[in-house]
Amino acid sequence: MKPKHTQGPWIVGKRVAEPGKIDRILVGREGQPGMVEYTVASIHGYSENADDNARVIAAAPELLSYLKEAVEDCPCTVAERASGHLVRCRAPFWQEAIDKAEGRS
Ligand SMILES: [Zn+2]
């Protein structure tokens, strides 16, 4: 199934309000190299913490894609998956994160 979110990869960009002053951090699809073309998140103000948050947001499409692969590749049998996976399998937790990202929880 094709994801409903804006296709990645996403990048982090900074909006400069005036020379030397970043007033907003943008996350979105890249247009020109290094420039956000389509904004999916806008963080007002600038701080190191906001920059870190923006990087987490920008990584989301790839993280989601790899997490889906990890769930598909879990070592459990069909029967074990149907009964909630093996105790050591982390796939149910990964699936919870996927459900959260896709609005099912
Ligand atoms: Zn499993």
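Definitions and cut-offs
Residues numbered from 1 in each chain as written. Predicted model: local features only at pLDDT ≥ 70, side-chain atom pairs only at ≥ 80, totals over all residues. Helix = DSSP H or I, 4+ residues; strand = E, 2+ residues; numbered from the N terminus. Rg over C-alpha atoms; globule rule 2.2 N^0.38 Å. Buried ≥ 20, exposed ≤ 12 C-beta atoms within 10 Å, placed from the backbone. Contact = placed C-beta atoms within 7 Å. Domains from an automatic or database assignment. Pairing = 2+ DSSP bridges. Axes fitted to C-alpha atoms, helices over the stretch in contact; angles between N-to-C directions. Core = buried A, V, L, I, M, F, W, Y, C linked by C-beta atoms within 7 Å. Left-handed = near helix turned anticlockwise from the far one by under 90°. Nonpolar A, V, L, I, M, F, W, Y, C, P; charged D, E, K, R; others polar.

A. A look at the overall build of the chain. When you go through the chain residue by residue, the secondary structure sums to three helices and three strands. Walking the chain from its N terminus toward its C terminus, one meets helices and strands in the order β-β-β-α-α-α. Relative to the globule expectation of 13 Å for 105 residues, the C-alpha radius of gyration of the chain, 18 Å, shows a markedly less compact shape. Overall, the C-alpha framework of the chain stretches about 60 × 25 × 20 Å when taken along its three principal axes. Counting all 105 residues of the chain, 10% fall into the buried class. Looking at the chain alone, contacts between residues at least 24 apart form 34% of all its contacts between residues at least 6 apart.

B. Spatial organisation of the domain arrangement of the chain. We note that the domain assignment places domain 1 (1-60) and domain 2 (74-105) within the chain. One C-alpha centre belongs to domain 1, the other to domain 2; they are set 30 Å apart.

C. Representation of the sheet that holds strand S3 (residues 36-44) within the structure. Strand order in the open sheet made by the three strands is S1-S2-S3, with antiparallel pairing throughout. The outermost strands of the open sheet, each flanked by one partner alone, are strand S1 (10-18) and S3. Averaged over all pairs of adjacent strands, the angle between their axes in this sheet comes to 35°, without regard to strand direction. When S1 meets strand S2 (residues 21-30), the two strands line up antiparallel, connected through eight bridges. By the bridge assignment for S2, Arg15 is matched with Arg24.

D. Quick look at the pairing of S2. Between the end of S1 and the start of S2, which pair antiparallel, lie two residues, with Gly20 showing a positive phi angle near 80°. As paired elements, S2 and S3 share seven bridges and run antiparallel to each other. Bridge pairing links Arg24 to His44 in S3.

E. Structural context of unusual backbone geometry. With an omega dihedral of 0°, the bond running from Gly8 to Pro9 counts as a cis peptide bond. Mapped onto the elements of the fold, Pro9 is located in the segment before S1. The phi torsion at His85 lies on the positive side, around 75°, for a residue other than glycine. Here His85 lies in the loop between helix H2 (78-82) and helix H3 (91-101).

F. Region of interest: the nonpolar core. Trp10, Val12, Ile25, Leu26, Val27, Val36, Ala54 and Ala58 form the largest nonpolar core, which has eight residues in total. The set of elements that each furnish at least two residues to this core consists of S1, S2 and helix H1 (48-72). No other element matches S2, which puts three residues into this core. With residues up to four places along the chain from it excluded, the contact list for Val12 reads Ile25, Val27, Ala54, Arg55 and Ala58.

G. Just the packing of H1 against H3, in detail. Packing of H1 against H3 brings their axes to within 9 Å, and their N-to-C directions diverge by 140°. Like other packed secondary-structure pairs, H1 and H3 cross with a definite hand, here left-handed. Facing H1, whose interface residues are Leu64, Leu67, Lys68, Ala70 and Val71, H3 presents Ala91, Trp94, Gln95, Ala97, Ile98 and Ala101. Considering only residue class, the contact of H1 with H3 consists of nine nonpolar, one polar and one charged.

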